[in-house]
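Spelled out, the chains give:
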Amino acid sequence: MEDGLKPTGDTKLDQAVRQWLQHDRNPKTVSLVQDMVKEGAVDALKKCFSSRMEFGTAGLRAAMGPGISCMNDLTIIQTTQGFCCYLEQSFSNLKERGVVIGYDARSHPPSGGSSKRFASLAAAVFISRGVPVHLFSEITPTPFVPFTVSHLGLCAGIMVTASHNPKQDNGYKVYWENGAQIISPHDAGISKAIEENLEPWPESWNTEEALKTTLLKDPYQDISTQYFKAIQKHCHHREINKKSEVKIVHTSVHGVGHKFVQSAFKAFDLHPPYAVEEQKDPDPEFPTVKYPNPEEGKGVLTLSFALAEKEGASVVLANDPDADRLAIAEKQESGQWRVFSGNELGALLGWWLFHCWREQNSDSGALKNLYMLASTVSSKILRAIALKEGFHFEETLTGFKWMGNRAKDLLDQGKSVLFAFEEAIGYMCCNSVLDKDGVSAAAIAGEMISYLATKNKSLSQQLTTIFEDYGYHISKNSYFICHEQEVIRSLFERLRNFGGKKDTYPSECGRFSISAVRDLTTGYDSNQPDNKAILPTSRSSQMITFTFSNGGVATMRTSGTEPKIKYYTELCAAPGNSDVTHLKKELDDLVDAIVENFFEPIKNKLQPKPE
């Protein structure tokens, strides 16, 4: 190998490393690779160079570090060159319209990578091709990028963030001209274009020159103003908000959310929430939490509960680090804190948005054009509300890319899309952003809490009312960790060829009888006359849904971004069946049966979700 570096004995690996050292201009990643070669650290080199990060519909997400398997200056340049070429092929007016780029506060000093640095490099690539770039001058929440695409009529948007992943990770999330995340076939087209543009263009490294050009604009002030103006169409009780005595605590979990949630509360004339001092400023080390993910529940909220006790606050709001998700906890009469699940918050926000809509719209004809959406692994509570109230409910595949694109289709047909949610604490309460948005959701939740307080009602009490009116929907979701792709594959194949019979799914699980099966990996759905699923199918991920005779539904699926096999279960009872203890016991038994019979954790050596 040149530069006096000794070969590893693996020709393909040596070639990949040599090519890397020719192209990379970041002294830190160059030095890390040279050190690995000098030390003969073949395993470490293979980890960095064995396979290029896969560009999917969620863009990229990986650890920051050297090599084609990681997020770094060179892979960002290569990815952006491919994306830029794909956009040039897709839009004849790309040079008139341009793109937007936002970023969070992540950084990785050992490899010199950071979200801001990656965003600047991406901007330099576009500018080198004469494409106008709206590059935010400061960190922003993820929802600001899709908002900017729609508001300014741009061709695309990029957000550099790894959301709530561990601190060493980063990501590159892509939005299309419709303001929603990309879906197939764009991911494959971009992926192909990346492979065709791996050699850095002469100007791609030149961030200093790029940042001086007139093609670069900073949308920060304008978009902040316009965004907070847009979300105010969902502020319906300004007088109540002004007078509200409710005390709320907010944490941004060392991410970007603090400043923006304060502004959102101000836009709604709500009293500012108490901020958790130790977590309010962006910090890429996330020093006070094990995982910066509010979905993990109480562990992330310990400091929030302590501040709430000190200030006498009854509710805690928490955003994930890029502020596109929202968790809520409420102090119960017992003194314990209840962290609501994503499905419970979906029920509360869905109820609230419909309640406000109905106050503004007395015309029953308007109901025919009203829609709510949820992903297929989320609670069916919106379906129950829609059936009783007369509006439309639609299910999409898992992920906001599907809900955002479907919402845009409906809006283009002149329909109203009031709300969309997924159980992973993601909510689209305002269709100015066709993606999940934890900032607008926080303000809307603040108003709902203030309104309920005037009726002497807590969130928990209102949730009970919703279940009594529309039927109890009790869910239980979790996951197993599994790093072995072959184990995952054989686990799902066993369910497709159950009892050794080819193309035969189980008809029961323990004592529970199965009434229907839908497999969105193969496209099979026993509920359809031709056994063909209506929702899009994908061979690249595993997903099977079982419907049980007792009203239970269970979905097992693999995660696109983490080494997990997830399960989502729900028991839907008819209105009037309010024996909650019995329903919970029935669901617990069902989950136990699924784990034992379908997951087989001992045989498959699956690690349960860490408590």
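As recorded by an unreviewed UniProt entry, the chain carries the name Phosphoglucomutase 2 and is attributed to Cyprinodon variegatus. Heading Cofactor (unreviewed entry) of the UniProt record for the chain holds this comment: "Mg(2+)". Database annotation for the chain, UniProt heading Sequence similarities (unreviewed entry): "Belongs to the phosphohexose mutase family."

## Let's talk about the UniProt feature "domain: Alpha-D-phosphohexomutase alpha/beta/alpha" (unreviewed entry) in the chain
In this numbering, the UniProt entry assigns the feature "domain: Alpha-D-phosphohexomutase alpha/beta/alpha" (unreviewed entry) to residues 53–198, 226–331 and 365–470. The span residues 226–331 is 30% helix and 16% strand, and its two end C-alpha atoms sit 35 Å from each other. Structurally, residues 365–470 comprises 51% helix and 20% strand, and the distance from its first C-alpha atom to its last is 22 Å.

## A word on the sheet that holds strand S10 (residues 274–275)
The mixed open sheet is built from five strands, whose spatial order is S10-S9-S11-S12-S13. Looking along the sheet, the strands with just one partner apiece sit at the ends: S10 and strand S13 (337–339). The sheet contact formed by strand S9 (residues 248–251) and strand S11 (residues 315–319) spans four bridges and is parallel. Counterpart to His-250 in the pairing with S11 is Leu-317. Packed onto the sheet, helix H12 (residues 257–267) meets S9, S10 and S11 and runs at close to 145° relative to S9.

## Digging into the packing of aromatic side chains
Applying the stated criterion across every chain yields a total of 27 aromatic pairs. Joined through ring pairs, the aromatic side chains of Phe-136, Phe-144, Phe-147, Tyr-220, Tyr-227, Phe-228 and Phe-260 make up one cluster. Across from the ring centre of Trp-201, 4.1 Å away, lies the NZ or CZ of Arg-129, which sits over that ring. In this arrangement the basic side chain of Lys-564 is found over the ring face of Tyr-479, its NZ or CZ atom lying 4.0 Å from the centre.

## Points about empty space enclosed by the protein
As enumerated under the stated definition, the model contains two cavities of 30 Å³ or more in all. Roughly 80 Å³ of volume is contained in the largest cavity. Considering the residues around the largest cavity, the lining is formed by 14 residues, among which Val-377, Ser-378, Lys-380, Tyr-568 and Glu-570 are closest to the centre. For the lining of the largest cavity, the elements supplying multiple residues, two or more each, are strand S18 (473–481), strand S23 (552–558) and strand S24 (564–572). Split into classes, the residues belonging to the lining of the largest cavity amount to four nonpolar, eight polar and two charged. Its boundaries defined by the atoms lining it, the second largest cavity holds a volume of some 60 Å³. For the lining of the second largest cavity, a count of residues per class yields five nonpolar, two polar and three charged. Summarising the domain contributions, the lining of the second largest cavity has at least three residues from each of domain 1 (11–217) and domain 2 (227–342).

## Some remarks on the layout of surface pockets
Approximately 500 Å³ is the volume found for the second largest pocket. Taken together, 22 residues line the second largest pocket, and the ones lying closest to its centre are Arg-383, Glu-395, Arg-518, Asn-527 and Thr-547. Listed by contribution, the elements that provide at least two residues to the lining of the second largest pocket are helix H16 (381–389), strand S15 (392–396), strand S20 (512–519), strand S22 (543–548) and S23. A class-by-class count of the residues in the lining of the second largest pocket yields nine nonpolar, eight polar and five charged. When residues are assigned to domains, the lining of the second largest pocket turns out to be shared by domain 3 (353–439 + 451–470) and domain 4 (472–608), each giving three or more.

## Details of the domain arrangement of the chain
Partitioning the chain into structural domains gives domain 1 (11–217), domain 2 (227–342), domain 3 (353–439 + 451–470) and domain 4 (472–608). Just the C-alpha atoms count here: the centres of domain 1 and domain 3 sit 34 Å apart. Each partner contributes to the interface: domain 1 provides 13 residues, whereas domain 3 provides 13 residues. Around 1,100 Å² of area is buried between domain 1 and domain 3 when both sides are counted, 59% of it from carbon and sulfur atoms. At the boundary of domain 1 and domain 3, one finds one salt bridge. For the salt bridge of Lys-173 with Asp-435, the shortest nitrogen-to-oxygen distance reads 3.7 Å. Across the contact surface, domain 1 and domain 3 share five residue pairs in polar contact (both at pLDDT 80 or more). Broken down by secondary-structure element, the contributors of at least two residues to the side of domain 1 that touches domain 3 are helix H7 (144–152) and strand S7 (169–175). Among the residues making up the side of domain 1 that touches domain 3, the classes are represented as eight nonpolar, four polar and one charged.

Basis of the calculations
Residues numbered from 1 in each chain as written. Predicted model: local features only at pLDDT ≥ 70, side-chain atom pairs only at ≥ 80, totals over all residues. Heavy atoms only, no water. UniProt positions renumbered as here; feature names shortened; annotations may be inferred. Helix = DSSP H or I, 4+ residues; strand = E, 2+ residues; numbered from the N terminus. Pairing = 2+ DSSP bridges. Contact = heavy atoms within 4.5 Å. Axes fitted to C-alpha atoms, helices over the stretch in contact; angles between N-to-C directions. Phe/Tyr/Trp six-rings, centres within 6.5 Å; stacked < 30°, edge-to-face > 60°. Lys NZ or Arg CZ within 6 Å of the ring centre and 35° of its normal. 1 Å grid on protein atoms, 1.4 Å probe; cavity = no way out; pocket = protein on both sides within 12 Å on 5 of 7 lines; lining within 4 Å. Points joined across faces, edges and corners; volume = space filled by probe spheres on them. Nonpolar A, V, L, I, M, F, W, Y, C, P; charged D, E, K, R; others polar. Domains from an automatic or database assignment. Buried area = accessible area lost by both parts, 1.4 Å probe. Salt bridge = Lys/Arg side-chain N within 4 Å of Asp/Glu carboxyl O. Polar contact = N/O pair within 3.5 Å; in protein donor to acceptor, adjacent residues only side chain to side chain.

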